[in-house]
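# Chain and residue survey
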Amino acid sequence: MMIHSQATQSDRLLLRIDRINKAYGGVQALQDVSFDVGRGEVHALCGENGAGKSTLIKLLTGVTRPDSGSLVMNQRALPVGNVRGCEAAGIAVLHQESTAFPDLNAIDNIFVGRELRVAGGLLLARDAMRREAAELLEQLGESIDLTVPLGQLPLAQRQMVSMARAMSCQCQLFIMDEPTASLSAQESQKMLALVKQLKEQGISILYVSHRLEEIFQIADSVTVLRDGQYVATHAVEDLHDRKLIQLMVGRELDELTVRQTVSQSKSDETQKPSTLKVDQLSRQGIFQDVSFSIAPGEIVGMAGLVGAGRSEIARAIFGIDPYDEGTVEVNGQMLPGGSVARAKHVGMAMVPEDRQHEGLVLPMSVQNNLTLANLRDLQDFGWLSQTRERGQAKRLIADLDIRVTDPQLPVETLSGGNQQKVVIGKWLASMPNLLILDEPTRGVDVAAKAQVHRLIRELADEGMATLIISSELSEILTLSDRILVIHQGRIAAEFEGATATQEQLLHAALVGSAS
Amino acid sequence: MTPNSKTETPAFARITTRREFGLAVLIALITIFVSFFDPRFLDAINLRDIIVRCAPTAIVACGMMLVIVTAEIDISVGSLMALTAAAMGIMLSENEWNLSLWIGLPATLMLGTAVGLLTGLLVTVGKVPSIIVTLGLLTALRGFTTLIMGGKNIDGLPPSLQHAAKQGFWGIPLSVWVAACVLVMTLVIIAWTPLGRRIFAFGSSRYAATMCGLSEKPLKLFVFAYTGFLTALATIVDVPRLPTIESGIGLEFELLVVTCVVVGGVSINGGRGTLLGVLLAVVLMTMIRPVLTYLEIGEEAEKWTKAIQGTLIAIAVIGDSLFRRRGRGESRS
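Residues numbered from 1 in each chain as written. Chains lettered and ligands numbered in written order. Predicted model: local features only at pLDDT ≥ 70, side-chain atom pairs only at ≥ 80, totals over all residues.

## With respect to unusual backbone geometry
All names here are of chain A. Unusually for a residue other than glycine, Asn74 sits at a positive phi of about 50 degrees. Its place among the elements puts Asn74 in the loop between strand S4 (68-73) and strand S5 (76-77). Of note in the backbone geometry, Glu178 takes a positive phi value of approximately 50 degrees without being a glycine. In this fold, Glu178 is placed in the loop between strand S9 (173-177) and helix H7 (185-200). Judged by the 21 C-beta atoms lying within 10 Å of it, Glu178 falls in the buried class. (Helix = DSSP H or I, 4+ residues; strand = E, 2+ residues; numbered from the N terminus. Buried ≥ 20, exposed ≤ 12 C-beta atoms within 10 Å, placed from the backbone.)

This is how it looks when you write it as C-alpha cells:
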C-alpha cells in the first residue's frame, strides 16, 4: 500500500514553505524557513515579537516577495508578490491591523477588488453582492447593518466583515494574524468557534496568536519561529505552556553577563521619595489600575506583548493621551492629565516609539533637532541665541558621542544609532529627572545599541529616574533594576531585574501571571 | 433589507445629520427669504438663469469630486478651461481656421483629456504631489492660452454652436442637458462600476487598498483624465454663450469648483462624499450672486460673493475635521 499512502500524503499537504529567505535592509527577517501546512488543520504560528511571523504572512499573501526559496500551494508555485494572484490561489488573510475601509459599507468592504459584475463586467452586480454579503455574515452568526460605513461599527463587527471578506473567496488556507488581539473574552470565544467551523469545512488555518490558551484550545500543530529562523513544529498534544515558551525564547538563555551590577547604595536610594508615583491609573478599555513608582536613579523596565497597553500607559503618564482615573505624581507634584507642557515643566521627558515620525524632524540639522525641545531656555528676550544654541548642541554631541562631522548636517544623514542618540539628547537638553523611553533601540545595530544602553545606565547613575518600554526581553533584562510585565492593560507581574529570566517574563506576558 | 434593527440608527436622525440635508435646508431657507424680499426671484427666467450658471460648475465638479475622493486635488481646471476655450475658438472661428464642428469639438475634448492624463501621469509616475503639479499647470496653461491667442480676443464661433449654448433644445441650453448627462454618468460610475468603488476604497484607506491588491495608477489616471475631459466639455457647452473668447476665461473657476466639492461634504482626506451633496453645493454657491443682486446690495455684490464663498469653505473644512475626530472617538481603530 505504499502508493496509496504516498497519495494520501500529497493529498494532505496544502502548503509547502521551502527555504524562504527575506531581508529588510541589513536585517534578516526570515532565514531558511521551511515547514508544511496540512489540509484542514489549524496550524498555529508562534514566536516572540520580531520572530518573523508578520514577514511570513506578507510573503504568503503576496504583499512582498521572498529573496529566495519557494512557496508551493496545491503543488503549484504561488505567484509571489502578487496579492490577487495569491488570493486566486486560495489564500485569504485576516490582518492584525484592521484592513477595513472605514468609509465603505460592509458590502463594499467584502467585495472591493473582486466585485461581482453584470453587463459583461462593466457594471456591479449590486443585488447579488448584497445578497451574498448578508448570507456570509449570517453564516458567521452576525447581523450587521449593511448600509452603514464600517468606521461607525464596533470593532468586533468590523472584524466579522473582514472574516466575511476572507471567506467570500473560497479560500483553502486562511491566515489569521492575532484575530482576537482586540476582542473581548466573549467575542474571542465566538471567533474561536468560527475557526473550528472553518476547519470542519476542510479549510486550513494558519493561526498566529500570542494567547497560548487559544493555541492549546484550537490548534492541531504548532510551528515556532525565533529571530527569523525555523525552530520546530510539534503536534499540540506534545506541548505544554512551558515547553512552548522555552521554544520561543530559545534553549540557550542569554546569561545576563552584560548586566552591570546594581550599585550598593540602591537600597538606600529606594528610601528616598520616588521621582514618579503612578496610582491606580486607568483608561477605559486600554489599561486598568496601573500603580507603580520609580525612585531617583532607578531604571524600571516595562515588558509585555505588542498591544498589551505599555505605550499607552507611558503616553498617558506623559500627557499625550488622557486617562479616566488615577493620579500621576512627579517629585511630589500632582500632574493634571493630558498636558505634555505640564509634564515637561516638572521635568519629565519622553522618547517616543516611532523616532522617525514622532521624535525627529528629519530634514532639520542635528543642532536644531537637539535644541528643539529646549528653545525656551535658549532665548534672550524672545530672540533665539545662536551662540548658546551652538554651545548646547556641541555639549550634547560630545556627551552622547554622536558621530557627526558637522552639527549643521541634516539629521536624516546619520545612522540609526546616532539618530537615536539625537532623540535622547534632544530630551536631555532640558535636564529631565524622569525619562521615558519607548523602544529605545528598535532598528538600531548591535554596537549602537550597546552605546545607547551605556548612556541610559550612566544617566541613571547620575540620579535620573528612567522608564523603559521594550519588546526585546534581553534589553529589558540588561537595563532594568525592576521589571513590570503588562498583560492586557494590567500589571501582571513584577520582577527584580537582577534575578528575572526571559522565560519568567515571557510567561507573565503571555499568560498574565508569574510562573 | 437590513437584517438587524438594533444596530441601525433611526432613519430620521441619520438623514438630519447629513451634509445634504443641511445644504437643502439652507437653499430652501435662502429661497424663501429672498422671494419674500422680492418675489421676482422665483420668476422662471431667474431660475433658468441660475440653473444655466450652475451647469459648467456641476460638470467639472463631478470630476473634481472623484479627484478629491482619492485624496488628491486639481487646481488647474480654470486655466484648462481657458486653454480649451482658446483652442476651440481658434479651430472653429470663421476668422481663424474655420474647421468643422465634427473636427473641432472632438479635438477640444481630446486636448482636455490629454492635459488631465498628463496631470495624472505626473502624480502617479512622477510622484509629484498633485497640488504642486496642478499649481504649475494653473500658471503654465494660462500662459499658453495668452500665447496662442496672441493678445486678441476670438469671436466668430459657428452660429449653430452659439445657438445651442444660448437657446439650446426645447428652451433649455445645451449646457444644462450635458450637465444632466454628466451627473448621471458620474452617478453610474460611483454606484454601479467596480472602478468607482475602488476609487472610494483607495481614498478611504490606502493601506487596506494595498493589502487588497488594488493598484493606484489606473484609478488616479482615470480621475484626472476624467476631470480634464469634463473641463473641456464644460468649455464647449458654456463658453459659446459669451460674445467673445478672452484669455481671462475661467479665472478662479478652480476655486469655485473645489469649494463646491468640499462644501458638498466630500472629505479632503479622501474616501467620503456624495454626488447629491456636491450638486446641492453647486446650487448654493451659484445662487449667492443672484441672491445678493435681488437683495439690492448692488455694487458690493461681487465682494460679498467672495467673502461668503470663502466663509462657507472654511466652515465646511472645519466641520469635516470635527466629524472625523468624532468618528474616530466612537470607534477605536
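Text resumes after the structure shown.
## Observations regarding the interface of chain B and chain A
Contact with chain B, which involves 27 residues of that partner, is made by 32 residues of chain A. Considering every element that reaches the side of chain B that touches chain A, the biggest residue donor is helix H9 (residues 194-204) of chain B, with 6 residues. The residue makeup of the side of chain B that touches chain A, split by class, is 10 nonpolar, 11 polar and 6 charged. (Contact = placed C-beta atoms within 7 Å. Nonpolar A, V, L, I, M, F, W, Y, C, P; charged D, E, K, R; others polar.)

## A closer look at the confidence of the model for chain B
All names here are of chain B. Averaged over all residues, the pLDDT of chain B equals 88, while 91% of them reach at least 70. Of the regions scoring below 50 in pLDDT, residues 1-8 engages in 11 contacts with residues more than four places distant in sequence or in other chains. Below pLDDT 50 for its whole length, residues 326-333 participates in 12 contacts with residues either more than four positions away or in separate chains. Predicted complex, confidence summary: ipTM 0.80, pTM 0.73. (pLDDT = per-residue confidence, 0-100.)

## Describing helix H4 (residues 77-92) of chain B
In a regular helix each residue adds 1.5 Å, so 16 residues correspond to 22 Å; H4(B) covers 22 Å between its end C-alpha atoms and thus fits that length. Extensive coverage of H4(B) is indicated by the burial of 14 of its 16 residues. (Expected span 1.5 Å × (residues − 1).)

## Things to note about the sheet that holds strand S21 (residues 434-438) of chain A
Residue and element names in this part refer to chain A. The 6 strands lie next to each other as S18-S21-S22-S15-S23-S24, forming an open sheet whose pairing is mixed. At either end of the open sheet lies a strand with only one pairing partner, and these are strand S18 (348-351) and strand S24 (490-496). For this sheet, the mean angle separating the axes of adjacent strands, direction not counted, is 20 degrees. Set on the sheet, helix H11 (residues 310-318) makes contact with strand S15 (299-304), S18, S21, strand S22 (465-469) and strand S23 (482-487); between it and S21 the angle comes to about 150 degrees. Against the sheet, helix H19 (residues 502-511) contacts S15, S23 and S24, and its axis sits at roughly 30 degrees relative to S23. (Pairing = 2+ DSSP bridges. Axes fitted to C-alpha atoms, helices over the stretch in contact; angles between N-to-C directions.)

## Describing helix H2 (residues 53-60) of chain A
Most of H2(A) is tucked away, with 7 of its 8 residues classed as buried. Once H2(A) finishes, Gly62(A) follows within two positions and takes phi at roughly 80 degrees, a positive value.

## So, the packing of helix H2 (residues 19-37) of chain B against helix H13 (residues 275-294) of chain B
Relative placement of two packed helices is described by the angle separating their axes and the distance separating the axes. Residues and elements named next belong to chain B. At a minimum axis distance of 10 Å, the contact between H2 and H13 shows a crossing angle of 20 degrees. As summarised for this structure, H2 and H13 are arranged roughly parallel, according to the angle between their axes. When the axes of H2 and H13 are compared, the crossing they make is left-handed. Residue-level inspection shows Arg19, Glu20, Leu23, Ala24, Leu26, Ile27, Ile30, Val34 and Phe37 of H2 in contact with H13, the latter providing Leu276, Gly277, Leu280, Ala281, Val283, Leu284, Met287, Val291 and Tyr294. (Parallel < 35°, antiparallel > 145°, perpendicular 65-115°, else oblique. Left-handed = near helix turned anticlockwise from the far one by under 90°.)

## Observations regarding the packing of H9(B) against helix H11 (residues 216-238) of chain B
Residues and elements named next belong to chain B. Interhelical geometry of H9 versus H11 gives an angle of 105 degrees and a closest axis separation of 10 Å. When the interaxial angle is binned, H9 and H11 end up roughly perpendicular. Across the interface between the two elements, Leu195, Arg198, Ile199 and Phe202 of H9 pack against Glu216, Leu219, Phe222 and Val223 of H11. For the contact of H9 with H11, the class distribution of residues is 6 nonpolar, no polar and 2 charged.

## A few points about the domain arrangement of chain A
Residue and element names in this part refer to chain A. The domain boundaries assigned to chain A delineate domain 1 (11-249), domain 2 (272-347 + 433-515) and domain 3 (362-431). The interface is formed by 10 residues belonging to domain 1 together with 10 residues belonging to domain 2. The biggest single contributor to the side of domain 1 that touches domain 2 is helix H9 (residues 241-249), with 5 residues. Tallied by class, residues from the side of domain 1 that touches domain 2 come to 5 nonpolar, 4 polar and 1 charged. (Domains from an automatic or database assignment.)

## Some words on the nonpolar core
Ranked by size, the top nonpolar core spans 242 residues in total, and within it Leu505(A), Ile59(B), Ala61(B), Met65(B) and Val261(B) carry the most contacts. A total of 14 residues in this core trace back to one element, the largest contributor, which is helix H3 (residues 44-69) of chain B. Residues in contact with Val261(B), not counting those within four places in the same chain, are Ala61(B), Met64(B), Met65(B), Ile68(B), Val266(B) and Val278(B). (Core = buried A, V, L, I, M, F, W, Y, C linked by C-beta atoms within 7 Å.)

## Some remarks on the sheet that holds strand S13 (residues 276-283) of chain A
Residues and elements named next belong to chain A. Taking strand neighbours across the sheet as the criterion, the 4 strands line up as S14-S13-S16-S17 in an open arrangement whose pairing is antiparallel. The open sheet has two edge strands, strand S14 (287-294) and strand S17 (333-334), and neither has a second partner. Here strand S16 (residues 325-330) runs beside S17; their pairing, made up of 2 bridges, is antiparallel. Bridge assignment links Glu329 to a residue of S17, and that residue is Met334. Sitting on the sheet, H11 is in contact with S13, S14 and S16, with an inclination near 115 degrees to S13.

## Side note on the pairing of S18(A)
Residues and elements named next belong to chain A. Alternating positions in S18 separate into two faces, Met348 and Met350 on one and Ala349 and Val351 on the other, with burial throughout. For S18 and S21, the ladder comprises 4 bridges, and the chain directions are parallel. Bridge pairing in S21 links Ala349 to Leu435.

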